[in-house]
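Structural description and commentary
One letter stands for each residue in the lines below.
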Amino acid sequence: MTSSITDSAVKAAIAAISSESATTAEKIQMLIEIAQGFQKKPKTAQDLRNAVGLFYRAYQMCGDEYVLLKARAKVGMAGSLQMIPDADSQLLQQAKADYEEALPILQQFATAAEVAEVQMNLGLVLQSLVPHNLARITDSIHAYHEALRVFNWEDYPQEYAILYNNIAIAYLAMPMASERESLRQGLAVQSFEIALKHINLIDHPREYAMLQNNLGNALQYLVSSHPVENNLRAVLAYNEALKVRNSQSTPLEYANTISNKANVLFNLPDNPEKPELGNQKNLLQAQDYYQQAWQIFTEHQQLAQAEIVATALEDLAAEIQAFALS
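Every chain's residues receive numbers from 1 upward, in the order its sequence appears when written. Thresholds applied to this predicted model are a pLDDT of at least 70 for local features of residues and 80 or more for the giving and counting of side-chain atom pairs; totals over whole chains, interfaces and linings are not thresholded and use all residues. Derived side-chain values reflect all non-hydrogen atoms in the structure, with water molecules and hydrogen atoms excluded from consideration.

Attention now goes to the nonpolar core. Nonpolar side chains in soluble globular proteins tend to end up buried together. As used here, the term nonpolar core means buried Ala, Val, Leu, Ile, Met, Phe, Trp, Tyr and Cys residues forming a set that is joined through side-chain atoms within 4.5 Å. For every residue, the accessible area (1.4 Å probe, protein chains only) is compared with the maximum for its type, and the residue is labelled buried under 20%, exposed over 50%, or partly exposed between those bounds. By size, the foremost hydrophobic cluster in this structure holds 92 residues, and its most contacted members are Leu106, Leu211 and Tyr290. Here, residues are in contact when the closest pair of their heavy atoms is within 4.5 Å. Residues in contact with Leu211, not counting those within four places in the same chain, are Ala161, Asn165, Phe192, Ala195, Leu196 and Ile199.

What follows is about the packing of helix 12 (residues 251-266) against helix 14 (residues 303-325). Note on geometry: axes are lines fitted to C-alpha atoms, helical ones only across the stretch in contact, with angles between N-to-C directions running from 0 to 180 degrees. Helical segments are the DSSP runs of H or I of at least four residues, strand segments are the runs of E of at least two, and each set is numbered from the N terminus. Contact geometry of helix 12 with helix 14 gives a least axis separation of 12 Å together with a crossing angle of 25°. The pairing of helix 12 with helix 14 is recorded here as roughly parallel in orientation. For the pair helix 12 and helix 14, the sense of crossing is left-handed. Between helix 12, through Asn256, Ser259 and Phe266, and helix 14, the contact on the second element is made entirely by Gln305, Val309, Ala312, Asp315, Leu316 and Glu319. Residues are grouped as follows: Ala, Val, Leu, Ile, Met, Phe, Trp, Tyr, Cys and Pro are nonpolar; Asp, Glu, Lys and Arg are charged; every other residue, Gly included, is polar. Here the residues of the contact of helix 12 with helix 14 sort into four nonpolar, three polar and two charged. Throughout, the term roughly parallel applies to angles under 35 degrees, roughly antiparallel to angles over 145, roughly perpendicular to angles from 65 to 115, and oblique to all others. Two helices crossing with the near one rotated counterclockwise from the far one by less than a right angle form a left-handed crossing, whereas a clockwise rotation gives a right-handed crossing.

Whenever a carboxyl oxygen of Asp or Glu lies within 4 Å of a side-chain nitrogen of Lys or Arg, that contact is scored as a salt bridge. Tallied over the entire structure, the rule returns nine salt bridges. One salt bridge connects Glu146 with Arg149, and the closest N-O pair in it is separated by 3.1 Å. Of the charged contacts in the structure, one is a salt bridge between Arg233 and Glu193, with a shortest N-O distance of 2.6 Å. One end of the pair, Arg233, is in helix 11 (residues 227-241); the other, Glu193, is in helix 9 (residues 181-196), with 40 residues separating them in the sequence. Under the relative-accessibility criterion, Arg233 is labelled partly exposed at 32%. Assessed through its relative accessible area of 32%, Glu193 is described here as partly exposed. Salt bridges linked by common partners bring Lys74, Asp98 and Glu101 together as one network.

Closest axis-to-axis distance for the helix 11/helix 12 pair is 10 Å, and the angle between their directions is 160°. Judged by the angle between their axes, helix 11 and helix 12 are roughly antiparallel. You can see that helix 11 and helix 12 cross each other, and the crossing is left-handed. Packed against helix 11, whose contacting residues are Asn231, Ala234, Val235, Tyr238, Asn239 and Ala241, the element helix 12 presents Thr257, Asn260, Lys261, Val264 and Leu265 at the interface. Grouping the constituent residues of the contact of helix 11 with helix 12 by class yields six nonpolar, four polar and one charged.

The following block contains the structure:
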């Protein structure tokens, strides 16, 4: 069976569980496992919708007898709905309801790690619903912190890094009065720094690069009376991310980081001790980064990002010209 689910594959799965040779519990488990297999490597949104169908069929078969399997089928449905590209708020609300229905049962019968994974995914769904005014960002952060009670850095470094990354991004999205703006930004920076105490370049390069890149972004836009100092810290964070990200093996991540670094260099004096001398050197370095990023985004059909970089290049060209004329 291929990783891309097809209607015939769905029919084959249902036919397999219709045979008399397995118990009801085994049939439910089989359906859940087949659906999970398809959920892991979907090729299209239809694959995920079909996975939802298989999970739902398993859910229906559970009745009132197989409580834990019923909860797992609900979690599978929620996870598939959550993964549908550009999922609308209705699908996300259904995913939220499914997770919330499953959680109390899992807390009673499942492992702590299984519960924590659901709390992590629930946090993500809540975070996605916030822009639609259908959830509170504080509830999302609470769900992430619940997951962190299990997903510690020693045993679950990847989940630990992702959770702190998500918490930081949630803080940045928090609506606050302008005088408290620096508080939420400070909490975001602090979240990245907590994670980076334990997630290192050698053991967890991918997560390390993600955290450093996003720390750089948070520092760059920090409301502060020390903008140059924060921008210098942001450059250091991007440089750390670029120890992992490169144009060969991680081109899109590399393009993201160099365009972020270019944004900082655009506003950073060449010599922070003598800002009056300008930033011609940094502008030329930023131009080189933007050109590389534009090329990568264009080659990989990331047209929205390519357009943003193209606009930045135009602004930069005007700045360089103005510098030359001054």
